[in-house]
Amino acid sequence: MPSKQLILVASSFLLIALAFFPSTTATAYPSKPEVHVVVEGMVYCQSCDYSGWSLTGATPLPSAKVSVVCKNNIGQVGYYKTFQANANGYVYAELEGNKMNRVLDYPLQNCLVKLVSSPLQKCNLATNVNFGLDGAHLRSEGKSHTSLNYKAVIYAAGPLAFRPAHCPYTTHH
């Protein structure tokens, strides 16, 4: 009988010790944050003073819209979303649902950025500067952003541009 009481007391002390002093092998480590894919770029209004692919004299185009479309390896669209530039013409497009750990589903080389719309009536003709009409491929510039619970790999596209549909005719003397 005393041995049963001794086992019961020892077991009780062991349970209490485990409750107050958990094992270091059971320590939970914080999980790594998912790696997000981000596309950034600028949208401009091209100057009437220059034509073609020149962005000389171009001004940032606030609230312009671009789209990001990604296709899988058999050409099916697997991701499409429209993003709006900020007040400085800058686009920061987080490709939600297109995470780096699923990159084989929609390879980034199959993603394109295209011009969608301009908020300015006087500058709303999309150009193919840096393939804004055909689709600008993403390019890696080695940028990333990491914080405690967030990690993003940042790709670039563009800069892209709209232009005025009508520019005043000027004569040079």
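Description of the structure in this document.

Conventions we followed
Residues numbered from 1 in each chain as written. Predicted model: local features only at pLDDT ≥ 70, side-chain atom pairs only at ≥ 80, totals over all residues. Heavy atoms only, no water. 1 Å grid on protein atoms, 1.4 Å probe; cavity = no way out; pocket = protein on both sides within 12 Å on 5 of 7 lines; lining within 4 Å. Points joined across faces, edges and corners; volume = space filled by probe spheres on them. Helix = DSSP H or I, 4+ residues; strand = E, 2+ residues; numbered from the N terminus. Buried < 20%, exposed > 50% of the residue type's maximum accessible area, 1.4 Å probe, protein only. Pairing = 2+ DSSP bridges. Core = buried A, V, L, I, M, F, W, Y, C linked by side-chain atoms within 4.5 Å. Contact = heavy atoms within 4.5 Å. Salt bridge = Lys/Arg side-chain N within 4 Å of Asp/Glu carboxyl O.

Let's talk about empty space enclosed by the protein
Part 1: This model, assessed by the stated rule, comprises one cavity of 30 Å³ or more.
Part 2: Here the largest cavity defines a volume of roughly 70 Å³.
Part 3: Residue lining of the largest cavity: V39, E40, G41, M42, V43, V66, V91, V113, A157, G158 and L160, and that is the complete set.
Part 4: Per-element tally for the lining of the largest cavity: the top contributor is strand 1 (residues 35-45), with five residues.

Points about the pairing of strand 3 (residues 65-71)
Walk down a regular strand and you will see the side chains alternate between the two sheet faces.
Part 1: Within strand 3, five of the seven residues are buried, which leaves it mostly tucked inside the rest of the structure.
Part 2: As judged from the seven bridges shared by strand 3 and strand 4 (residues 77-84), these two strands associate in the antiparallel manner. If you follow V66 over to strand 4, its bridge partner there is F83.
Part 3: As consecutive antiparallel partners, strand 3 and strand 4 are separated by five residues, and within that stretch G75 has a phi angle of approximately 85°, a positive value.
Part 4: The pairing of strand 3 with strand 6 (residues 111-117) spans six bridges and is classified as antiparallel. Each residue of the ladder has a partner; that of V69, found in strand 6, is L112.

Structural notes on the nonpolar core
Part 1: Core analysis: the largest hydrophobic core is formed by 27 residues, its most contacted members being V43, V66, F83, V113 and L138.
Part 2: Secondary-structure elements contributing two or more residues to this core are strand 1, strand 3, strand 4, strand 5 (90-94), strand 6, strand 10 (150-156) and strand 11 (160-163).
Part 3: Examining the composition of this core, we find that four residues originate from one element, strand 1, more than from any other.
Part 4: Setting aside residues up to four positions removed in sequence, F83 forms contacts with A64, K65, V66, V68, V91, A93, E94 and L95.

Brief notes about unusual backbone geometry
Part 1: The omega torsion of the bond from G158 to P159 falls at 10°, within 30 degrees of zero and hence cis.
Part 2: For P159, the position within the fold is in the loop between strand 10 and strand 11.
Part 3: One non-glycine residue with positive phi stands out, namely S63, at about 65°.
Part 4: Secondary-structure assignment places S63 in the loop between strand 2 (59-60) and strand 3.
Part 5: Taking relative accessible area as the criterion, S63 reaches 30% and is therefore assigned partly exposed.
Part 6: Its identity as a non-glycine residue notwithstanding, F131 has a phi of 65°, on the positive side.
Part 7: Looking at the element boundaries, F131 is found in the loop between strand 7 (125-126) and strand 8 (136-137).

Overview of the pattern of salt bridges
Part 1: Inspection of the entire model under this criterion finds two salt bridges.
Part 2: Here K143 ties to E40 by a salt bridge, and the two come within 2.5 Å at their closest N and O atoms. Placement of K143 in strand 9 (residues 139-147) and of E40 in strand 1 is noted, with a sequence separation of 103 residues between them.
Part 3: You can call K143 partly exposed: its relative accessible area is 36%.
Part 4: Of the charged contacts in the structure, one is a salt bridge between E141 and R139, with a shortest N-O distance of 3.2 Å.
Part 5: By relative accessible area, which is 35% here, R139 ends up partly exposed.

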